[in-house]
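Structural overview for review
Listed below, chain by chain, are the residues.
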Amino acid sequence: MLHIILYAIVPIVVIMLAGFISGKKGVFSGEDAKKFNKVVLNYALPAALFVSIVQSSREMLYADLKLSIISLVVIMACFMLVYFVFAKCFKGNTGADGAVAALINGSPTIGFLGFAVLEPIFGTTPAVALVVAIVGIVVNAVGIPVGLSLLNASLDKQGTAKTAKKQSAWAPVIHALEQPVAWAPILAVVWVLCGIPWPKELSPSFDLMAKANASMAVFSAGITLSAVKFNINWQGILGSILKLILMPAAALIIGMLFHMDPLNLKMLVVACALPPAFSGIIIADEYDTYVATGTSSLTLSVILFIGFCPLWIWITDMALKAF
């Protein structure tokens, strides 16, 4: 547990704090953070996912089929639960508010913190990359399109949607799959399934770009947090509870019921315990919907994650030993 705190949690806190201070001092702005995010999502993260997955084997992919199905079920079930809770149970909230809440509290920020958290705990292995890739595909290729569809449907019903944002139900899906963070791991999986040997001489070129992923993502997250106003409210607290407690608990229970591989289960629980997706805040800001409350929940979850990450690892270890 001390190793996890020193090698996984403390470095994230230090780098995020550096980004936060840089943002507060005006060295970098929220616009700079968006540019850093583009580097992470369009180059560094896809490179990290691709080069890690292509070095795996067919046997590993087949073994991870259960992981893929459980990840999809758990994350999307929690996603829809958050949507219904925030859209229906709070007076004054609309379906658009619920959709943004789901995009934030119903999705782990796997793209920004996945490698930064999982690799120091579980090592730099293809297994870690597959978990990050699988959860990332669920979040980016399923969750975001569903959230955008719900968001646009609600805005259309209210008559407040901008003409430029009106689009077919399939448009968000196609757009998500066009992003490198979605198609790069899919291409790598197809490569492995086809049995094409990966030339090891090409790996260093991908590795150099991939190394920028974790540090730049965490630093950018700190800048993003420095650029938003933070105030605690009950919806923000509930969002943090749903994200940091409900989702990893669901992953642990369902994973144990279906006898998941213990290592994959531990990694999935940690992935589900990650703070809310930063992409949700970006979408909230773009649509000017649920920005203040969503930001409060995100900030609170990032702070609480420092304690919940080692706690969930301990709980998972105890559960696996008991059963």
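You'll find the structure just up there.
So, a few notes on the structure that sits alongside this text.

Cut-offs applied
- Residues numbered from 1 in each chain as written.
- Predicted model: local features only at pLDDT ≥ 70, side-chain atom pairs only at ≥ 80, totals over all residues.
- Heavy atoms only, no water.
- Buried < 20%, exposed > 50% of the residue type's maximum accessible area, 1.4 Å probe, protein only.
- Helix = DSSP H or I, 4+ residues; strand = E, 2+ residues; numbered from the N terminus.
- Salt bridge = Lys/Arg side-chain N within 4 Å of Asp/Glu carboxyl O.
- Expected span 1.5 Å × (residues − 1).
- Bend = angle between axes of the 7 residues up to and from the residue.
- Contact = heavy atoms within 4.5 Å.
- Patch = residues over 30% accessible without salt bridge, like charges linked within 9 Å, V, L, I, M, F, W, Y side chains within 5 Å.
- Areas by Shrake-Rupley, 256 points an atom, 1.4 Å probe, with all protein chains shown as cover.
- Axes fitted to C-alpha atoms, helices over the stretch in contact; angles between N-to-C directions.
- Parallel < 35°, antiparallel > 145°, perpendicular 65-115°, else oblique.
- Left-handed = near helix turned anticlockwise from the far one by under 90°.
- Phe/Tyr/Trp six-rings, centres within 6.5 Å; stacked < 30°, edge-to-face > 60°.

1. What to know about helix α5 (residues 95–105)
- When you tally the buried positions in α5, you get 11 out of 11 residues, the bulk of the element.
- Within α5, the full set of buried residues consists of Gly 95, Ala 96, Asp 97, Gly 98, Ala 99, Val 100, Ala 101, Ala 102, Leu 103, Ile 104 and Asn 105.

2. Here we look at the pattern of salt bridges
- One pass over the structure, following the stated rule, counts one salt bridge.
- Of the charged contacts, one joins Lys 266 and Asp 317 as a salt bridge, the two residues approaching to 3.0 Å between their closest N and O atoms. With Lys 266 in helix α13 (residues 262–272) and Asp 317 in helix α15 (residues 291–322), this pair connects stretches of sequence that are 51 residues apart.

3. Re helix α1 (residues 2–25)
- Spanning 24 residues, α1 covers 32 Å between terminal C-alpha atoms, matching the ideal 34 Å at 1.5 Å per step.
- Considering bend angle alone, the principal kink of α1 is centred on Ile 9 and spans about 35°; proline Pro 11 follows within four residues of it.
- Of all the positions in α1, only Ile 4, Ala 8, Ile 9, Ile 12, Met 16, Gly 19, Ser 22 and Gly 23 are classed as buried.
- Buried positions along α1 lie against α6 (110–122), α11 (212–226) and α15.
- Phi for Gly 26, located one or two positions after α1, is positive at around 85°.

4. A few points about a nonpolar patch on the surface
- The grouping of Leu 2, Ile 5, Leu 6, Tyr 7, Val 10, Val 14 and Ile 15 at the surface amounts to a nonpolar patch, some 630 Å² of accessible area in total.
- Summarising the element assignment, Ile 15 is placed in helix α1.
- What makes Ile 15 partly exposed here is its relative accessible area of 30%.

5. Examining the packing of α6 against helix α7 (residues 126–158)
- Running from N to C, α6 and α7 point in directions that differ by 160°, and their axes come no closer than 10 Å. With respect to α7, the element α6 is oriented roughly antiparallel. Pair α6 / α7 crosses with right-handed handedness. On α7, the residues touching Ile 110, Gly 114, Phe 115, Leu 118, Glu 119 and Phe 122 of α6 are Val 128, Ala 129, Val 131, Val 132, Val 135, Gly 136 and Val 139.

6. Thoughts on the packing of aromatic side chains
- For the coordinates displayed, the defined rule picks out 11 aromatic pairs.
- Judged by centre distance (6.3 Å) and plane angle (80°), the ring pair of Phe 86 and Tyr 290 falls under edge-to-face. Of the two residues, Phe 86 sits in helix α4 (residues 65–88) while Tyr 290 sits in the loop between α14 (278–287) and α15, which places them 204 residues apart along the sequence.
- With relative accessibility at 0%, the residue Phe 86 sits in the buried group.
- Note on Tyr 290: relative accessible area 11%, which makes it buried.
- In textbook terms, an aromatic cluster arises when at least three aromatic residues are bridged by ring pairs, as seen for Phe 50, Trp 191, Trp 198 and Phe 206.

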